[in-house]
Amino acid sequence: MLHDMIDWLLTTVDGWGYTGVMALMAIESSFIPFPSEVVLIPAGYLAHQGKMDPTLVLLASVVGCLIGAFVNYGLALAVGRPFLERYGRYFFIAPHVLHKTDAFFERHGAISTFTGRLIPGIRQLISIPAGLARMRIATFAFYTAFGAGLWSLVLIALGYFIGGNEALIRENLPLVTIAALVFVVLIVLGYVLWNRRRQPV
């Protein structure tokens, strides 16, 4: 079953190409739940096989993430908090998740649009409190692209470096995903420690 799914993912990403990567990452970065791992790890694998260019995969991913992030940003800007709290669940935005991302944004400020892109469960929705706060578009785009680029690079690199062993990607995709998450958690912990040292005692 898992092998069939991996075959389908590789065939789909290969067939859709860079436009497909961009479209799927736009979906992943909007309010629609969709795991980026199932797109970028196979894309990295295909890059190792010479079927895709890793630089273009990364570029397509970042552009797609920006599109999806601006969808959320614009949605929050247009409808406001009362609408999202009342009707957000119809857009896969549960009230407790909205409050969680709100608290994260208030605690860390503008840079949370960077660090938030690296945290599952917050990554897709961190653009909403940025829109509600009317964060400067240039700053929002910079941090979003930076965070999305780093996350994308990790997943593409994982797919690329295990691309020489097809059995590895078929049998260990969940472990590869966990490895990516561990790497990102270390980055976030490093940021938290650095941020605490900057604060006055």
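Just so it is clear, the structure is predicted and the values come from calculations on it, not from any experiment.

A word on the overall build of the protein chain
Scanning the protein chain from N- to C-terminus turns up 9 helices and 0 strands. In the protein chain, the succession of α and β elements from N to C terminus is α-α-α-α-α-α-α-α-α. Counting only contacts in the protein chain whose residues sit at least 6 apart along the sequence, the fraction spanning at least 24 positions is 77%. Surface exposure of the protein chain reaches about 10,300 Å², of which carbon and sulfur atoms provide 68%.

Observations concerning the UniProt feature "transmembrane region" (unreviewed entry) in the protein chain
The UniProt entry lists residues 56–79, 140–163 and 175–194 under the feature "transmembrane region" (unreviewed entry), expressed in the numbering used here. Regarding residues 56–79, the helix share stands at 100% and the strand share at 0%, and the terminal C-alpha atoms are separated by 35 Å.

Re empty space enclosed by the protein
For the structure shown, the criterion picks out 1 cavity of 30 Å³ or more. The computed volume of the largest cavity comes to approximately 30 Å³. The wall of the largest cavity is formed by M25, E28, C65, R117, R123, A148 and W151. Here the residues of the lining of the largest cavity are counted per class, giving 4 nonpolar, no polar and 3 charged.

A short note on the environment of A43
Tracing the chain through its elements places A43 in helix α2 (residues 37–48). Here the alpha-carbon distance between A43 and V57, two residues 14 residues apart in the chain, equals 7.0 Å. In this structure, A43 is in contact with V13, M52 and V57, ignoring residues within four places of it in sequence.

Observations regarding a nonpolar patch on the surface
A surface patch of nonpolar side chains, about 470 Å² in accessible area, is lined by Y18, L56, L59, V63, I67 and V71. Residue contributions to the nonpolar patch peak at 5 residues, all from helix α3 (residues 54–87). Owing to a relative accessible area of 42%, I67 belongs among the partly exposed residues under this scheme.

Focus: the nonpolar core
With 21 residues, the main nonpolar core has V13, V21, M25, V39, L40, M52 and V57 as its most contacted residues. Secondary-structure elements contributing two or more residues to this core are α1 (2–29), α2, α3 and α7 (137–161). At 7 residues, α2 tops the list of elements feeding residues into this core. For M25, the contacting residues outside a window of four places in its chain are S36, V39, L40, S61, G64 and C65. With 9 residues, the next largest nonpolar core counts F105, I122, A130 and F140 among its residues.

Some points on the packing of aromatic side chains
Per the counting criterion, the structure on display carries 7 aromatic pairs. Ring geometry for F70 versus Y73: centroids 6.1 Å apart, planes at 65 degrees, classification edge-to-face. Taken together, the residues span about one helical turn, with F70 and Y73 both in helix α3 at a distance of 3 residues. A relative accessible area of 30% means that F70 is categorised as partly exposed. A residue is classified by how much of its surface remains accessible, and Y73, at 5% relative accessible area, is buried. Their ring planes at 80 degrees and their centres at 5.1 Å tell us that F70 and F140 sit as a pair that is edge-to-face.

So, unusual backbone geometry
Backbone geometry at R134 places phi at a positive 55 degrees, although glycine is not the residue there. For R134, the position within the fold is in the loop between α6 (127–132) and α7. Under the relative-accessibility criterion, R134 is labelled exposed at 61%.

Examining the environment of R81
By secondary structure assignment, the location of R81 is in helix α3. When the C-alpha atoms of R81 and P129 are compared, they prove to be 8.8 Å apart, with 48 residues separating the residues in sequence. When neighbours within four sequence positions are excluded, R81 is seen to be in contact with D102 and L132.

Thresholds applied
Residues numbered from 1 in each chain as written. Predicted model: local features only at pLDDT ≥ 70, side-chain atom pairs only at ≥ 80, totals over all residues. Heavy atoms only, no water. Helix = DSSP H or I, 4+ residues; strand = E, 2+ residues; numbered from the N terminus. Contact = heavy atoms within 4.5 Å. Areas by Shrake-Rupley, 256 points an atom, 1.4 Å probe, with all protein chains shown as cover. UniProt positions renumbered as here; feature names shortened; annotations may be inferred. 1 Å grid on protein atoms, 1.4 Å probe; cavity = no way out; pocket = protein on both sides within 12 Å on 5 of 7 lines; lining within 4 Å. Points joined across faces, edges and corners; volume = space filled by probe spheres on them. Nonpolar A, V, L, I, M, F, W, Y, C, P; charged D, E, K, R; others polar. Patch = residues over 30% accessible without salt bridge, like charges linked within 9 Å, V, L, I, M, F, W, Y side chains within 5 Å. Salt bridge = Lys/Arg side-chain N within 4 Å of Asp/Glu carboxyl O. Buried < 20%, exposed > 50% of the residue type's maximum accessible area, 1.4 Å probe, protein only. Core = buried A, V, L, I, M, F, W, Y, C linked by side-chain atoms within 4.5 Å. Phe/Tyr/Trp six-rings, centres within 6.5 Å; stacked < 30°, edge-to-face > 60°.

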